[in-house]
Every structure is written in C-alpha cells, then in structure tokens.
Amino acid sequence: MKTKHEQIIAFIESLPVGEKLSVRLIAKELQVSEGTAYRAIKEAENNGLVSTIKRVGTIRIEPKNGEHIENLTYDEIVKVIDGEVHGGEKGLKKTLTKFIIGAMTEEAMLRYVTEESLMIIGNREEAQQLTLQNGAAVLITGGFKPSQTVVDLANHKELPLISTSYDTFTVGTMINRAMTDQLIKKEILRVQNIFTPLERTQFLNREDTVYTYRMLNQKSGHSRFPVVLSDGRLAGIVTAKDVVGQEDTELIEKVMTKNPASARKYMSVASIAHTMIWDGLEVMPVVSDELKLAGVISRQDIMKAMQTVQKQPQSGDTISDQINQLITEKEDNLFSFSVTPQTTDSMGTISFGVLSEVVTETIYNYLSKYKKKNLVVEQMNLHYFNMIQLGNELTIKPSVIDENRRSARLDVEIYSEHTLAAKAIVVCQLIQKR
C-alpha cells in the first residue's frame, strides 16, 4: 500500500502538463495535512515534475531527462535552435558528442564525420546525403528545406534531419553554449553522487542500548551512528562523547542527540560542506523527504570528492572560471587583474559584480596556496574610492585580519594606477585541505 507521500507524487504525475496546483488544493483533494502536501510538492519540484513561476504559481511541467547530463540529445538541440524536424524522428533521443561545420568539400568532410555527431551545413544535397550515409545527423541552416530523397534517407538511417532559419555562425554559437552549460551542470557535485547508501550504512535503533553501540563501535571502528525509529525514520545520532560514563544498559534514545542536521540526496555537496564544517560535524545522515534514513555522508567523503573535482580537467568554464583566468600572481601576496571590455559596464568602468568576483577568486588563490585551505565566502563589504576604467591594471593585496580553525576575516586592497581604488572586508568559512 502506498504511503500518503507516494500517493501525492502519483497524483501530481497524473496531472496534465500546465495544470496549476497548490498545497491547499492537494491537501483538500487527497485528505492530507498541508505539511504533507508541501513536502511532496517540494520533492516533485526537485524531481522536475512541477515548477513555481512568479505571478503564475506552481504548475505541472514535463519532467526533464537527467540520464545524459553530460551530453545533449538531438531533441534538446531542436529546442535550443528553434528548429524544425523533417526526418529521422526515431533518432531524436540519441545524444551528440560534437558538432561539425561543413564548410568544406565532400571528400574533406569524411574525416570529420563520426557517429553521435551533428553536421551543420547549408543547401548542399550531396553533402547532406554523404553525412547521413556515414552515421551523422544533419542540421540545415539558412531556412533551406531538404529534398524528399534526403528525408527518406534520414528516416531509413533513423538520424535526425533538422533545419533552422539561423545562419551557421549563430547556430554554432548557440549549440556550443548549450553543450558548455551541460558540462558545467555535470560538474556540480550532489550528495547522491558520493554518499554511503543505506545498505552499507551502520545504524542503531532507538531501543538499542549503549552496549550495542560499543559492540558496533568495536566491530566497525566508527564512532558516530544514525539512530532510527521502527519505521526507518531518523530519530537522532549518537557519538562517542554521548556514551562516555553511561551504563551498558542505558537506552540509546536517552543519550542520543535528537533532531540532528540531515541532508537530502539532491542537495549540492558545497551546501552540505558549509553546514558540516561550520557545525563541526564529521558525519551527517542522508534522509528522504519522509525523513527515512537513506545513508550517510562524511566530511572525509566531501573532501575527497572536492579534491577529485579540482584535479579533473576543466570541461566548461563558468563566469568565475573566466575571471580567475585573468588573475595572475605578481609576487608573494600580490595579484593583478586587467580590466577587459567584457568585464566593464555600460559606462566603461569595471562591473561591480566582476570586481566582487575578482576579490573572491583572489582570496581563494591566496588561501589555497599560502594557507593550504579552501573557502566559502559568507560576507563581503566592498567600497569604491575611485573609478576603475577599461584597460586599467589592478593590483590586489589580500591580508588576513584574524583567523581561527573555522573562519577567517580578510582585508583586501585594490589599487588602480598606483592609487587605492577600492577596499573590501571579507568573512569566509575555511575548509582545511587534506
């Protein structure tokens, strides 16, 4: 029998795309509490079943396919370029790994045409046929339409045959941006990527005794365990300091920490790291939206995952990455940044957002190299003294005002044309490298 939570999710899935829904409507329709309805709607939103739109409300949407987050499907490309599909509809769910611009002779094209690739080409019928015959999809630019011969070939090969009114350069730019965005999304670590699932998690029941804890501690070598109720819901967490001086017969529920901080599988690792480091937690339970234990995540798991990501080659550059590439170290504790056209506002001066990101990235580089620590910026007070113009060379000088194991406060001076142009006070949380 389905739980109330599962019944609500099933009800939401049954709604037509575009249907509006609300906590009150679901609570009334399914005879559940508004709290239960709210939690189910939040899970549906995280699963891509509904979306909350400003001034519209919460509506049922088409669920997103997350199976190929590192690649785009041809179906998604059609949406990106506002294209029209003429043939090969059976291949729209296939993914592409690269695209090629067919500005060359047919003979020269053959070396570049591979499966899972997309050839962007104009109204050259022979080149279109050659591409399809060699296993690649075809995108025709400039608003040209394919012949029936090419359509029949695309259907036979089950390879998408698409057209768009955009020119080749514009289409190439749009697809490149879409692929880069997907790569960046792939790099965002979530709890579900690194947590220890329930079947490999050691936990205690609320009715267990301190003796049971000590036996599990001796067997596993671990000192922190989640505590669950009879139905699997998280009740608390117990650590070594909780059982110090306690009798073996004492119940776990008497010594455990109740209502511990917990994580959801869809949360980002960065947000969980922030909580764990700040609160000094070594282990955090991972739970479902019904608060049933799904596993655990440890600080060691997080640090290992973060270090692995940092060692991997960059696949897609975020704005932060692009700004960081413009920062160079002049000498110990001094960094430089050149104001380029892309970093300015409409007045030709450096954008406030760019300058704050320059400060953040400079602090990261400084603490990472000299203090062997990573950071999360929690607060920044940034003040301009002089205008910073296009073409100016900035010198950034960070210095630590005070620091402890968990956080640091830094003073950052920004010089332009040998004059103090801006100053920032930054408070950040520190994450020790291992």
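The coordinates are above.
Residues numbered from 1 in each chain as written. Predicted model: local features only at pLDDT ≥ 70, side-chain atom pairs only at ≥ 80, totals over all residues. Heavy atoms only, no water.

K.L.:
Help me understand the pairing of strand 21 (residues 393-403) in this model?
P.N.:
Of the strand pairs in this sheet, strand 19 (residues 334-338) and strand 21 are connected by four bridges, and their pairing is antiparallel. Considered in strand 21, the bridge of F335 is made with I396. Here strand 21 runs beside strand 22 (residues 407-416); their pairing, made up of nine bridges, is antiparallel. Along strand 22, the bridge assignment pairs E403 with A408. If you look at the hairpin formed by strand 21 and strand 22, you'll find three residues sitting between the two strands. (Pairing = 2+ DSSP bridges. Helix = DSSP H or I, 4+ residues; strand = E, 2+ residues; numbered from the N terminus.)

K.L.:
Hey, could you run me through unusual backbone geometry in this one?
P.N.:
Phi is mostly negative for residues that are not glycine, and the peptide bonds are mostly trans. Not every positive phi belongs to a glycine, and Q31 is a case in point at roughly 55°. Here Q31 shows up in the loop between helix 2 (23-30) and helix 3 (34-46). A positive phi angle, close to 70°, is found at L291, a residue other than glycine. Assignment of secondary structure puts L291 in the loop between strand 16 (283-287) and strand 17 (293-298).

K.L.:
Just to check I follow, could you spell out the sheet that holds strand 16 for this structure?
P.N.:
Adjacent strands of a sheet form backbone hydrogen bonds with each other and so pair up, either parallel or antiparallel. Judged by pairing direction, the sheet is antiparallel, and its three strands sit side by side in the order 11-17-16 without closing on themselves. Edge positions in the open sheet fall to strand 11 (196-197) and strand 16, since each of these has one partner strand only. Two elements, strand 11 and strand 17, share two bridges in a ladder whose sense is antiparallel. The residue of strand 17 that forms the bridge with P197 is G295.

K.L.:
When you look at the packing of helix 6 (residues 125-133) against helix 7 (residues 148-157) in this model, what are you seeing that I'm missing?
P.N.:
Geometrically, a packed helix pair is captured by the angle between its two axes and the distance between the axes. Contact geometry for helix 6 and helix 7: axes closest at 10 Å, N-to-C directions at 10°. Compared by their axis directions, helix 6 and helix 7 come out roughly parallel. Facing helix 6, whose interface residues are E125, Q128, Q129, L132 and Q133, helix 7 presents T149, V150, L153, A154 and K157. Taken together, the residues of the contact of helix 6 with helix 7 break down into four nonpolar, four polar and two charged. (Axes fitted to C-alpha atoms, helices over the stretch in contact; angles between N-to-C directions. Parallel < 35°, antiparallel > 145°, perpendicular 65-115°, else oblique. Contact = heavy atoms within 4.5 Å. Nonpolar A, V, L, I, M, F, W, Y, C, P; charged D, E, K, R; others polar.)

K.L.:
Teacher, can you tell me more about the pattern of salt bridges here?
P.N.:
Tallying each qualifying case throughout the model produces 10 salt bridges. Here K145 makes a salt bridge to E84, at a shortest N to O gap of 2.9 Å. Of this pair, K145 sits in the loop between strand 9 (137-140) and helix 7 while E84 sits in strand 5 (residues 84-87), and the two are 61 residues apart along the sequence. Taking relative accessible area as the criterion, K145 reaches 52% and is therefore assigned exposed. Classification of E84 as partly exposed rests on a relative accessible area of 39%. With its nearest N and O atoms 3.7 Å apart, the salt bridge here joins E253 to R206. Of the two residues, E253 sits in helix 12 (residues 252-255) while R206 sits in the loop between strand 12 (204-205) and helix 10 (210-220), which places them 47 residues apart along the sequence. Here E253 falls in the partly exposed class, since its relative accessible area comes to 29%. Classification of R206 as partly exposed rests on a relative accessible area of 31%. The structure contains a network of salt bridges with shared partners spanning D411, E413 and K423. (Salt bridge = Lys/Arg side-chain N within 4 Å of Asp/Glu carboxyl O. Buried < 20%, exposed > 50% of the residue type's maximum accessible area, 1.4 Å probe, protein only.)

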